[in-house]
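Observations on the three-dimensional arrangement
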Amino acid sequence: MDEKQLNLWQTVIMGALGLLVFVGGWELLVRCDFIDPYFLPAPSSVLNRMLTMASGPEAILLEDIKMSASRVLTGFLTSTLIGVPFGLIMGMNSHIRAALNPIISIIRPLPALSWIPLSMLWLGIDEQQKYAIVFMGSFTSVLVYTTDATMRVDQALILAARNLGASHLQTIRYVVLPGALPNILSGLKVVLAIAWTCVISAEMVGANSGLGFRIWTAKEWSDTGQVLVGMLSISLTVLLLDILFRGLERLLLPWQREGRRT
Amino acid sequence: MSVPVIQARNLNMTFFTRKGSLGALEDFSLEAQRGEVVCIVGASGCGKSTFLNIVAGFLEPTSGQVLLEGDEIQGVEPRCGMIFQDYSLFPWMTVLENIAFGPRLKGASRKERHQKAQRYIEMVGLEGFEQAYPGELSGGMQQRVALCRALANEPDVLLCDEPFAALDAMTRQIMQQELLHVVSESQKTVLFITHSIDEALILSDRLVVMSARPGRVKAIYNNDLPQPRTLDVQITDHFMKLKREVWDLVQEEVMGSMTALQRVK
């Protein structure tokens, strides 16, 4: 493609313009009575609603975000803490890989939603059940991404380390782990988004707090405004987590920073 | 002469693939004395790299053995430091960390290993790049780091697998001089693989010509060209005559294997 690349400012301006047209058009359509605010409230009223829900002594919205986020992070971190070491082992040992692959192939295609009945029967609807849903929805993905990342580590580097006298453990610590880290992190970024869809589903089915619960109850009252506030909150929270994750990547992979590569 | 540092005895190496077996080395024997630079030339695919990988302990020969100061090499051998063609530096380590990696594995303290690395950095003129990552360096600089990394581990033998093949002509000459300088100072034994006859004549004390696959020793030359092999030496009749001889031998093998291939087709 010979299309010219935009610089940062041009990109920001074009993005803002697109957003403005979209939101402005929406606002206009509602104000001119083309759309019934009962079905789709105007952006301005959604924003107002968001502010009321986020302020005041109760601040329900912040409480919901906190609940959902803590569920996501607990489930996601558990998946990561167990999945990454197992993935490393699977990536390095073809026997273990061959033994576990069929099991993973059976579990992995199951949507997180399909775990809800079993998890409710086993754990009720308290916090553990939410963690379990997030875990079941993300664990196999962590495993598969880590295995893949481990297998893609340059074999020549492993030989180089062994040639310098590295034991097997030293090779894992100094070569396999840092070599697989970039791909593990980009895998985890995808998994984090998956974890969010898991928790929202779980909260819609059985919970009394969290963004999923808030959206679902709003639907019971035909409160489209609150539904939209909940949806917008999900977007913003995931965006924020993504930014934090990128920061973590920059911190952990100083050798891959932009401009470093020549 | 004392016991050779490296003794390869009757090495045979056969790779088994789905399409059948492939002989890489056949009855290959070679010795190298302490401080000697042995260059191995041969057509591509003749088993040069296979031989080096066996000495490093990356591969186990089908039969035969390699002795390092009289002991058989079994498993990866850190006393034979390898310098790879594609440098194989650790991209997540700085120049300093790459060079200090060998000592670090041995448990050298931070100060100790950094001082050591710093010595080698100064030796090859990489001051100011200690904190750079390999991805920020040119090919020639990366290969210097690779050389330092191997040396800082204090191996008895340096195994060089066409280390300068990817460098431009100027840088290659500089690196050749640097290698010779290091070797003469440290009395390291060097096994150096190349497909450049010029390079082999400039570097070697002894030059081994390999046959086409499966690799055998076709000829061994004692390289008596005067040191250092400056440009003046490289245009003498003696240099040209040697080059011609080696070239003819290699050529013969290349042609031989090509007609063999054509017959198969």
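Small disclaimer: the values here were computed from a predicted structure and weren't measured.

The subject of this paragraph is the confidence of the model for chain B. All names here are of chain B. When pLDDT is averaged along chain B, the result is 88, and 97% of the positions lie at 70 or above. Ranking the helices and strands of chain B by mean pLDDT puts helix 2 (residues 95–99) first, with 95, and helix 9 (residues 237–264) last, with 80. Of the two predicted TM-score estimates for the complex, the pTM is 0.84 and the ipTM is 0.87.

Working note: regular strand, side chains alternate between the two faces of the sheet. All names here are of chain B. With respect to burial, strand 9 (residues 206–210) is a largely interior element, five of its five residues being buried. The pairing of strand 3 (residues 37–41) with strand 9 spans four bridges and is parallel. Bridged to V38 within strand 9 is R206. Two strands pair when backbone bridges link them, and strand 9 and strand 10 (residues 217–222) are joined in this way by five bridges, in the antiparallel orientation.

With that out of the way, let us pick up the sheet that holds strand 5 (residues 71–72) of chain B. Residues and elements named next belong to chain B. Strands sit in the order 2-1-4-5 across an open sheet of four strands; the sheet is antiparallel. The two strands at the open ends of the sheet, each matched to only one other strand, are strand 2 (20–32) and strand 5. The pairing of strand 1 (residues 6–17) with strand 2 spans nine bridges and is classified as antiparallel. Residue pairing in the sheet places F16 in a bridge with S21 of strand 2. Against the sheet, helix 1 (residues 48–56) makes contact with strand 1, strand 2 and strand 4 (63–68), and its axis sits at roughly 115° relative to strand 1, the strand it touches most.

Turning to the side chain of B:D161, a few remarks are in order. Residues and elements named next belong to chain B. The residue D161 is located in strand 7 (residues 157–161) in this model. One buried charged residue, D161, remains without a salt bridge, the closest side chain of opposite sign being K48 at 7.3 Å. There is a polar contact of 3.2 Å between the side chain of D161 and the side chain of S49. Ignoring any residue separated from it by four or fewer positions in sequence, one finds D161 in contact with S49, L52, I83, F84, Q85 and I193.

Since there are 3.6 residues in each turn of an α-helix, residues three or four apart along the chain are aligned in direction. All names here are of chain B. The terminal C-alpha atoms of helix 5 (residues 139–152) lie 20 Å apart, and with 14 residues this matches the ideal 20 Å at 1.5 Å per residue to within 8%. Of all 14 residues in helix 5, 13 are buried; the element is thus mostly enclosed. Backbone geometry just downstream of helix 5 places E154 in the positive-phi region, at approximately 50°.

This next bit is on unusual backbone geometry. At A:D33, a residue that is not glycine, the phi angle is positive and equals roughly 65°. Topologically, A:D33 is positioned in the loop between helix 1 (8–31) and helix 2 (43–54). The class for A:D33 is exposed, based on a relative accessible area of 65%. Backbone geometry at B:S88 places phi at a positive 50°, although glycine is not the residue there. With respect to the helices and strands, the residue B:S88 is situated in the loop between strand 6 (80–83) and helix 2. The exposure class of B:S88 is buried, given its relative accessible area of 5%.

With 25 residues of chain B in contact, the opposing surface of chain A contributes 21 residues. Taken as a group, B:W92, B:L105 and B:Y133 account for 31% of the area that chain B buries against chain A, more than any other trio of residues on that side. Here chain B and chain A share zero salt bridges between them. The tally of links from chain B across to chain A stands at five residue pairs in polar contact (both at pLDDT 80 or more). Counting residues per element, the ones that place at least two in the side of chain B that touches chain A are strand 6 and helix 3 (101–105) of chain B. For the side of chain B that touches chain A, the element with the most residues is helix 3 of chain B, which contributes four residues. When the residues that make up the side of chain B that touches chain A are grouped by side-chain class, the tally is 16 nonpolar, five polar and four charged.

Once that is clear, we can look at the pattern of salt bridges. Residue and element names in this part refer to chain B. Within the structure shown, the criterion is met by 23 salt bridges over all chains. Across the pair K218 and E252 runs a salt bridge, and its minimum N-O distance is 3.2 Å. Of this pair, K218 sits in strand 10 while E252 sits in helix 9, and the two are 34 residues apart along the sequence. Look at K218 and you get partly exposed, because its relative accessible area is 29%. Several salt bridges share partner residues, and in doing so they unite R34, E69, E77 and R79 into one network.

What follows covers the sheet that holds strand 9 of chain B. All names here are of chain B. In space, the six strands of this open sheet follow the order 6-7-8-3-9-10, with mixed pairing throughout. Strand pairing shows two members of the sheet lacking a second neighbour, strand 6 and strand 10, which therefore form its edges. Between one strand axis and the next, the sheet turns through 15° on average, direction left out of account. In this structure, strand 6 lies alongside strand 7, joined through four bridges in parallel fashion. Paired with G81 across the two strands is L158, which belongs to strand 7. Docked against the sheet, helix 1 engages strand 3, strand 6, strand 7, strand 8 (189–194) and strand 9, running at close to 150° with respect to strand 8.

Here is what the cut-offs are and how they apply
- Residues numbered from 1 in each chain as written.
- Chains lettered and ligands numbered in written order.
- Predicted model: local features only at pLDDT ≥ 70, side-chain atom pairs only at ≥ 80, totals over all residues.
- Heavy atoms only, no water.
- pLDDT = per-residue confidence, 0-100.
- Helix = DSSP H or I, 4+ residues; strand = E, 2+ residues; numbered from the N terminus.
- Buried < 20%, exposed > 50% of the residue type's maximum accessible area, 1.4 Å probe, protein only.
- Pairing = 2+ DSSP bridges.
- Contact = heavy atoms within 4.5 Å.
- Axes fitted to C-alpha atoms, helices over the stretch in contact; angles between N-to-C directions.
- Lys, Arg positive; Asp, Glu negative; His and termini not counted.
- Salt bridge = Lys/Arg side-chain N within 4 Å of Asp/Glu carboxyl O.
- Polar contact = N/O pair within 3.5 Å; in protein donor to acceptor, adjacent residues only side chain to side chain.
- Expected span 1.5 Å × (residues − 1).
- Buried area = accessible area lost by both parts, 1.4 Å probe.
- Nonpolar A, V, L, I, M, F, W, Y, C, P; charged D, E, K, R; others polar.

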